[in-house]
Amino acid sequence: MTSSVTEKKLTTERLGREDLPLAVYREVAAHLQQVTEVEVELEPRRSPTFNYFHSQIGAMVIRYPANLPQGDRQRIEQILDFYSQRYGPWERNL
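Notes on the structure follow. Predicted model only: the values in this text are computed from it and were never measured. (Residues numbered from 1 in each chain as written. Predicted model: local features only at pLDDT ≥ 70, side-chain atom pairs only at ≥ 80, totals over all residues. Heavy atoms only, no water.)

It is worth spelling out the side chain of Glu13 at this point. If you trace the backbone, Glu13 turns up in strand 1 (residues 10–16). A polar contact of 2.8 Å, which involves the side chain of Glu13, links it to the side chain of Arg92. Among residues more than four places away in sequence, those in contact with Glu13 are Met60, Val61, Ile62, Tyr64, Glu77 and Arg92. (Helix = DSSP H or I, 4+ residues; strand = E, 2+ residues; numbered from the N terminus. Polar contact = N/O pair within 3.5 Å; in protein donor to acceptor, adjacent residues only side chain to side chain. Contact = heavy atoms within 4.5 Å.)

For the rest of this paragraph, the subject is the sheet that holds strand 2 (residues 39–44). If you walk across this open sheet you meet the four strands as 2-3-1-4, and the pairing is antiparallel. Taken across any chain shown, the strands that pair with only one partner, and hence form the sheet edges, are strand 2 and strand 4 (91–92). As defined by bridge partners, strand 1 adjoins strand 4 across two bridges and the pair is classed as antiparallel. Considered in strand 4, the bridge of Gly16 is made with Glu91. Against the sheet, helix 1 (residues 22–32) makes contact with strand 1, strand 2 and strand 3 (57–65), and its axis sits at roughly 0° relative to strand 3, the strand it touches most. Its contacts with the sheet put helix 2 (residues 70–87) on strand 1, strand 3 and strand 4, and the angle it makes with strand 3 is roughly 160°. (Pairing = 2+ DSSP bridges. Axes fitted to C-alpha atoms, helices over the stretch in contact; angles between N-to-C directions.)

Inspection of the secondary structure assignment puts Asp72 in helix 2. Classification of Asp72 as partly exposed rests on a relative accessible area of 24%. C-alpha of Asp72 to C-alpha of Glu37: the two residues are 35 residues apart in sequence and 9.3 Å apart in space. Apart from residues lying up to four places away in sequence, Asp72 is in contact with Val35 and Thr36. (Buried < 20%, exposed > 50% of the residue type's maximum accessible area, 1.4 Å probe, protein only.)

This part covers the environment of Ser47. Inspection of the secondary structure puts Ser47 in the loop between strand 2 and strand 3. Residue classification places Ser47 among the partly exposed residues on the basis of a relative accessible area of 39%. In sequence terms Ser47 and Gly58 are eleven residues apart; their C-alpha atoms lie 8.9 Å from each other. Within the local environment of Ser47, its side chain forms a polar contact with the backbone oxygen of Thr49, the two atoms lying 3.0 Å apart.

Applying the stated criterion to the full structure yields three aromatic pairs. Geometrically, the ring pair formed by Phe50 and Tyr52 is edge-to-face, given 4.8 Å between the ring centres and 85° between the ring planes. Looking at Phe50, the relative accessible area reads 65%, which means it is exposed. Judged by relative accessible area, Tyr52 falls into the exposed class, the value being 73%. Taking the ring centre of Phe82 as reference, the NZ or CZ of Arg86 above it sits at 3.6 Å. (Phe/Tyr/Trp six-rings, centres within 6.5 Å; stacked < 30°, edge-to-face > 60°. Lys NZ or Arg CZ within 6 Å of the ring centre and 35° of its normal.)

What follows is the structure, given as C-alpha cells:
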C-alpha cells in the first residue's frame, strides 16, 4: 500500500519589538490567527538578565502556506501595520 504525503510549503516570518508588552503580543497573535491558515507562536525572551523595560517575548513567529491568497497576505500586513503605527516598526527576521 502506498501512502501519499503532501507537504505544505510554509512561509515563516519572525518579528518583534523589544519593548512591546506581552498583552499586545497576544492581541496581535489573536488578530493574525483570524486569517485562515495562519499560525502564530510567541517565543519567550531568553536573556540571562531581567529588564522591566524589555518584553517577555523574544519573537513572534508567523507561519502560513506559501500559496496563501494575496488577499490574506494583505490582511496580515494590514494587521501588522495597524500595530506598528501605534507602537513603532517591527523588527523583522530576528
